[in-house]
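Residue-level structure breakdown
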Amino acid sequence: MKRLVVVSDWVNDSLTCAEFSSAVLGFLNNPSETKISFVSSTPSTIHTSFLINQLVEVEERFGRPLETVILQNTDPRIQTDEPVEKAQGAKFLVIRLQSGIYLCGPNAGYDFSMIKDRIDEVFVYEGFDKGSQFRSRDLYSRICAHLMEAMEDELDLEEVAVDIIPDLRGFYIGHIDNFGNIKTTITKEDLKGKVEYREIFKVKIGKVIKKVKYVDNLFGGVPGELVIYPGSSGKKDNPYLEISVWRHFNEKKPTTGKDEFLNPKVGTKIDLLFE
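These notes cover the structure that comes with them. (Residues numbered from 1 in each chain as written. Predicted model: local features only at pLDDT ≥ 70, side-chain atom pairs only at ≥ 80, totals over all residues. Heavy atoms only, no water.)

**Notes on the overall build of the protein**
How we decide: A run of DSSP states H or I qualifies as a helix once it reaches four residues; a run of E qualifies as a strand once it reaches two. Both are numbered from the N-terminal end. For this measure, only C-alpha atoms enter the radius of gyration; the expected value for a globule follows 2.2 Å times N^0.38, where N is the number of residues. Any pair of residues with heavy atoms lying within 4.5 Å of one another is described as a contacting pair. Under the convention used here, a 1.4 Å probe and the Shrake-Rupley method define accessible areas, while residue burial counts only the protein chains that appear.
When its secondary structure is counted, the protein shows 4 helices and 14 strands. Its C-alpha radius of gyration of 20 Å places the protein within 12% of the 19 Å reference for a compact globule of 275 residues. By its C-alpha atoms, the protein is 55 × 45 × 40 Å across when sized along the principal axes. The long-range share in the protein, meaning contacts at least 24 apart out of those at least 6 apart in sequence, stands at 65%. For the protein, the accessible area works out to roughly 13700 Å², and carbon and sulfur atoms hold 48% of it.

Spelled out as structure tokens, the structure:
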């Protein structure tokens, strides 16, 4: 039995998680061995993409890729401002990565963009883009159960080109952790030849422009200094950069990265301003 990891903007609702879990258990042949975990996203498809990419990175580096299924369900219907019939959203994809991990979920926005280069095969499951207000419970749960029990051959899938998934270009906030550290989609390689450690340049997030010092870790500057540094997410040899402030958290106002940039939303564009 493969384990299931769910990434969605509804995960913070315990009732929704319980309903979904019950539906998955109902479709399994041996529910006593079920392992389901949940990771909370926001309605930002860039956020969901970053979370999926990090889960895949860690699973492939430390875990058991051949025993892992990931479901994501972030579909804010950003493609339209018109009324939607039957709660119609994005097409439902089933993806197999080169490592053997299976992913599934609606192909909304950039949900799958950050794992695009790891994909081996992409399939569409027709008819799962509408018909329920709670598609994860009513429709997706059966697909998850089949994938968990290695019954993907029982699914009526149509193979499509990987180009069905859009590319993500530019730099964005990928995630903000519980300390307020801003995890970006900027890699260490992106700064190569542009700036050296200990140098200062400007970063624009939303309407806020701040000077940051490029250091090799969060504690590479001094307490209270806004820094940008290779963080804990992304590839081991080319990690994503984070923006934050080293704090002892005994300060009267221990501001960190999100405070310095006035609490930006995940998915906000980032501009690097070099003089």
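**Digging into the sheet that holds strand E1 (residues 3-8)**
What counts is decided by this rule: DSSP calls a pair of strands paired once it identifies at least 2 bridges connecting them. Each axis is a line fitted through C-alpha atoms, and for a helix only the stretch in contact is used; angles between axes span 0 to 180 degrees, taken between their N-to-C directions.
A sheet is described by the order of its strands in space; here 7 strands give the open sequence E2-E1-E3-E5-E4-E6-E7, paired in mixed fashion. In this open sheet, the two edge strands, each paired with only one partner strand, are strand E2 (36-40) and strand E7 (158-160). For this sheet the average axis-to-axis angle between neighbouring strands, irrespective of direction, equals 25 degrees. Across the face of the sheet, helix H1 (residues 14-27) comes into contact with E1, E2 and strand E3 (68-73) while running at roughly 145 degrees to E2. Packed onto the sheet, helix H3 (residues 135-148) meets E1, E3, strand E4 (92-97), strand E5 (102-106) and strand E6 (119-125) and runs at close to 165 degrees relative to E3.

**Examining the environment of Val11**
Mapped onto the elements of the fold, Val11 is located in the loop between E1 and H1. Expressed as a C-alpha distance, the spacing of Val11 and Ile182, which sit 171 residues apart in the sequence, is 21 Å. In this structure Val11 touches Val6, Cys17, Phe38, Val39 and Ser40, once residues within four positions along its chain are discounted.

**Considerations on H3**
Note the cut-off: Any helix carries an expected span of 1.5 Å times its number of residues minus one. Residue burial is assigned from relative accessible area. The probe radius is 1.4 Å, only protein chains are included, and a residue is buried under 20% of its type maximum, exposed over 50%, and partly exposed in between.
If you check H3, its first and last C-alpha atoms are 18 Å apart, about what 14 residues at 1.5 Å a residue would give, namely 20 Å. Burial of H3 is extensive: 11 of the 14 residues sit out of reach of the surface. Those residues of H3 lying buried are Arg135, Ser136, Leu139, Tyr140, Ser141, Ile143, Cys144, Ala145, His146, Leu147 and Met148. Lining the buried residues of H3 we find E1, H1, E3, E4, E5 and E6. Once H3 finishes, Ala150 follows within two positions and takes phi at roughly 55 degrees, a positive value.

**Some points on the pairing of E6**
Extensive coverage of E6 is indicated by the burial of 5 of its 7 residues. With 6 bridges joining them, E4 and E6 adopt antiparallel strand pairing. Residue pairing across strands places Arg96 opposite Glu121, the latter belonging to E6. As paired elements, E6 and E7 share 3 bridges and run antiparallel to each other. Counterpart to Phe123 in the pairing with E7 is Glu159.

**Some details on the pattern of salt bridges**
Defined as follows: Each salt bridge in this description consists of a side-chain nitrogen of Lys or Arg and a carboxyl oxygen of Asp or Glu lying within 4 Å of one another.
One pass over the full model with this rule turns up 16 salt bridges. Here Glu57 ties to Arg118 by a salt bridge, and the two come within 2.5 Å at their closest N and O atoms. One end of the pair, Glu57, is in helix H2 (residues 45-62); the other, Arg118, is in the loop between E5 and E6, and 61 residues separate them in sequence. The pair Glu57 / Arg118 is uniform in exposure class, with both members buried. The partner of Glu60 in a salt bridge is Arg118, with the nearest N and O atoms 2.6 Å apart. Taken together, the positions of Glu60 in helix H2 and Arg118 in the loop between E5 and E6 put the pair 58 residues apart, joining distant regions of the chain.

Everything listed is a geometric property; what it means functionally is a separate question.
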